[in-house]
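Chain residues, written in single-letter form:
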Amino acid sequence: MTHQIALQFEDGVTRFIDAKTTETVADAAYRHGVNLPLDCRDGACGTCKCFAESGRYEMGEYIDDALSELEAKQGFVLTCQMRAQSNCVVRVPASSAVCRTQQARFDAAISRVEQLSPSTISLSLRGEALNKLAFLPGQYVNLQVPGSTQTRAYSFSSLPRDGEVSFLIRNVSGGLMSSFLTQLAKTGDAMTLTGPLGSFYLRDITRPLLLLAGGTGLAPFTAMLEKIAEQGTPYPVHLIYGVTHDADLVEMNKLEALAARIPQFTFTACVASEDSAWPKKGYVTQHLEPAHLHDGEVDVYLCGPPPMVEAVSLYIRERGLQPANFFYEKFAASA
Ligand SMILES: Cc1cc2nc3c(=O)[nH]c(=O)nc-3n(C[C@H](O)[C@H](O)[C@H](O)COP(=O)(O)OP(=O)(O)OC[C@H]3O[C@@H](n4cnc5c(N)ncnc54)[C@H](O)[C@@H]3O)c2cc1C
Ligand code: FES
């Protein structure tokens, strides 16, 4: 039996490998051409120490100098002794280059490009190669802008299905990718993806979740919610989705459909602009209720344009709110 291991390198690159329950994660990585840091291979030196973010595994023999009892309790592992018993996410304290691996490259073609509103584009890509693309919901890829050497980062807005992946993209006036997608792109056009990348992804759900999205920062959350719909959760999940203008409010049908599939999922959508006709006005923080914070026993995920992420982070810090975990992603413009 094999399990899938997501190896997360410190430069943000993720590589997925299959590991048999009987082989060590270090051996499985080597079989896939990934050289994890190793020395003794015997549980004695600690060189192969990594952090298991999630998953079940068995550890073979090792000495305390290599991995202390406390470290093992915290989730640190020795990959030369670790045998996966379920899918796992393992954080490697080295760059992908040091481990002689690199971002994978995938060729695909546009299967659908649609302007959902003047400010927002939905893009889907399909291709044989994408059947091999695995990512953690919340992660992103770099998409090359056709006709140029430049790339732009986009978070997956859905799970991969039959070789197809989707994105939710803000139409930035005069932007390179935005102009391509609104003026030139058509079904069948070739596009190249490299990745997956990023440490903003859904962790094991062990407490309530609060998801805070600004504009197309909704994208990683619809992918995460698809995963939650598939696996189920006993914990409440609340999303607050804020946009600037009414025209920016998209994918409401998708959110309604996800709410119908996930009994514990609720959401609030709000519009900041004063001339909005939407019933819920104001910023994301104005719709944050004490009940959403579960007295701190909550994992908060926040994603959107940098000013929104900074404003919400500041709001949370200034009020002394201390969630159990706080993950965020800023949709920074490329240099
Ligand atoms: C990790 C990561 C994930 C991302 N995921 C997404 C995603 O899922 N969806 C999404 O829409 N975007 C996402 N972005 C942002 C995206 O990569 C691009 O920056 C954005 O789409 C603009 O690309 P463009 O080629 O159209 O414009 P560019 O040619 O890059 O920019 C044109 C001009 O507009 C400015 N500009 C660029 N972006 C903005 C902005 N948001 N607001 C105001 N001015 C801007 C630039 O500084 C420049 O002056 C992500 C960014 C990062 C870092
Ligand atoms: S390589 Fe020495 S403990 Fe794993």
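Note that the coordinates shown come from a computational prediction; the quantities given were computed from them, not determined experimentally.

**Q** Hey, could you run me through the side chain of Thr285 in this one?
**A** With respect to the secondary-structure elements, Thr285 resides in the loop between β16 (265-271) and α6 (290-293). Setting aside its immediate chain neighbours within four residues, Thr285 contacts Val312 and Tyr315.

**Q** What am I meant to see in the site of ligand 1 here?
**A** For ligand 1, the set of nearby residues contains 21 residues, the closest of which are Arg152, Ala153, Arg170, Met177 and Ser178. Separating an oxygen atom of ligand 1 from a side-chain N or O atom of Tyr154 is a distance of 2.8 Å. Between ligand 1 and the protein, one listed contact pairs an oxygen atom with a side-chain N or O atom of Ser178 at 2.5 Å. Taking 930 Å² as the accessible area of ligand 1 by itself, protein coverage stands at 74%.

**Q** Even after reading the chapter, I still don't get the pairing of strand β9 (residues 120-126), so can you show me in this structure?
**A** Each regular strand shows side chains that alternate between the opposite faces of the sheet. When you tally the buried positions in β9, you get six out of seven residues, the bulk of the element. Here strand β8 (residues 104-117) folds back onto β9, and the loop between the two strands holds two residues.

**Q** Could you clarify how one ought to interpret the sheet that holds strand β15 (residues 237-243) in this entry?
**A** By way of backbone hydrogen bonds, the strands of a sheet pair with one another, either parallel or antiparallel. On the basis of which strands lie adjacent, the open sheet formed by five strands has the order β16-β15-β14-β17-β18 and parallel pairing. Both outer strands of the open sheet, β16 and β18 (325-330), are each paired with one neighbouring strand and no more. On average, each strand axis in the sheet is inclined to that of its neighbour by 10 degrees, with strand direction left out of account. Judged from the five bridges that link them, strand β14 (residues 209-214) and strand β17 (residues 299-304) form a sheet pairing that is parallel. Counted as the bridge partner of Leu211 is Tyr301 from β17.

**Q** Would you mind showing me how to read the domain arrangement of the chain here?
**A** Where interface size is quoted, it is often the accessible area lost as the parts come together. For the chain, the assigned domains read domain 1 (2-92), domain 2 (104-197) and domain 3 (209-330). On a C-alpha basis, the centres of domain 1 and domain 2 stand 32 Å from each other. The interface of domain 1 with domain 2 comprises eight residues on the first partner and six residues on the second. With both sides pooled, the region where domain 1 packs onto domain 2 buries about 520 Å², and carbon together with sulfur makes up 68% of that total. Of all residues in domain 1, Gly12, Thr14 and Phe16 bury the most surface against domain 2, accounting for 61% of the area lost on that side. Inspection of the domain 1/domain 2 interface yields zero salt bridges. Our count for the domain 1 to domain 2 interface comes out at two residue pairs in polar contact (both at pLDDT 80 or more). No other element matches strand β1 (residues 2-9), which puts three residues into the side of domain 1 that touches domain 2. Per-class residue counts for the side of domain 1 that touches domain 2 are four nonpolar, four polar and no charged.

**Q** Whenever I open this one, the pattern of salt bridges confuses me. Can you help?
**A** Across all of its chains, the model carries 14 salt bridges by this definition. Where Glu23 meets Arg31, a salt bridge forms, and the shortest distance between an N and an O atom there is 2.6 Å. As a salt-bridge pair, Lys254 and Glu251 come within 3.9 Å of each other at their nearest N and O atoms. Lys254 sits in the partly exposed class, given a relative accessible area of 22%. Three or more residues joined by partner-sharing salt bridges are found here, namely Glu53, Arg91 and Arg203.

Conventions adopted
- As a convention, each chain's residues are numbered from 1 in the sequence order in which they are written.
- All chains are assigned letters beginning with A, and all ligands numbers beginning with 1, in the order in which they are written.
- Per-residue local features of the predicted model are confined to residues with pLDDT of at least 70, and side-chain atom pairs are confined, for both listing and counting, to 80 or more; whole-chain, interface and lining totals are unaffected and use all residues.
- Excluded from the side-chain calculation are hydrogens and water; included are all heavy atoms of the structure.
- Starting at the N terminus, helices and strands are each numbered in turn, a helix being any DSSP run of H or I of at least four residues and a strand any DSSP run of E of at least two.
- When checking whether two residues touch, look at their non-hydrogen atoms; a contact exists if any pair is within 4.5 Å.
- One heavy atom suffices: a residue is near a molecule or strand as soon as one of its heavy atoms comes within 4 Å of it.
- Identification of polar contacts relies on pairs of N or O atoms within 3.5 Å, with a donor-acceptor requirement for protein atoms, meaning one able to donate a hydrogen and the other able to accept it, and with residues adjacent in sequence counted only if both atoms are side-chain atoms.
- Computed with a 1.4 Å probe, the accessible areas rest on the Shrake-Rupley method; for each residue, only the protein chains presented here act as cover.
- We call a residue buried when its accessible area falls under 20% of the maximum for its residue type, exposed when it is over 50%, and partly exposed in between, using a 1.4 Å probe and counting protein chains only.
- Strands qualify as paired when DSSP identifies two bridges or more between them.
- Lines fitted to C-alpha atoms define the axes here, with helix axes fitted over just the stretch in contact, and angles between the N-to-C directions of these axes take values from 0 to 180 degrees.
- An automatic or database domain assignment provides the domain bounds reported here.
- Buried area: the accessible surface (1.4 Å probe) lost by two parts on joining, summed over both.
- The term salt bridge refers to a pairing of a side-chain nitrogen on Lys or Arg with a carboxyl oxygen on Asp or Glu at a separation within 4 Å.
- Think of it as three bins: nonpolar holds Ala, Val, Leu, Ile, Met, Phe, Trp, Tyr, Cys and Pro, charged holds Asp, Glu, Lys and Arg, and polar takes everything else, Gly as well.

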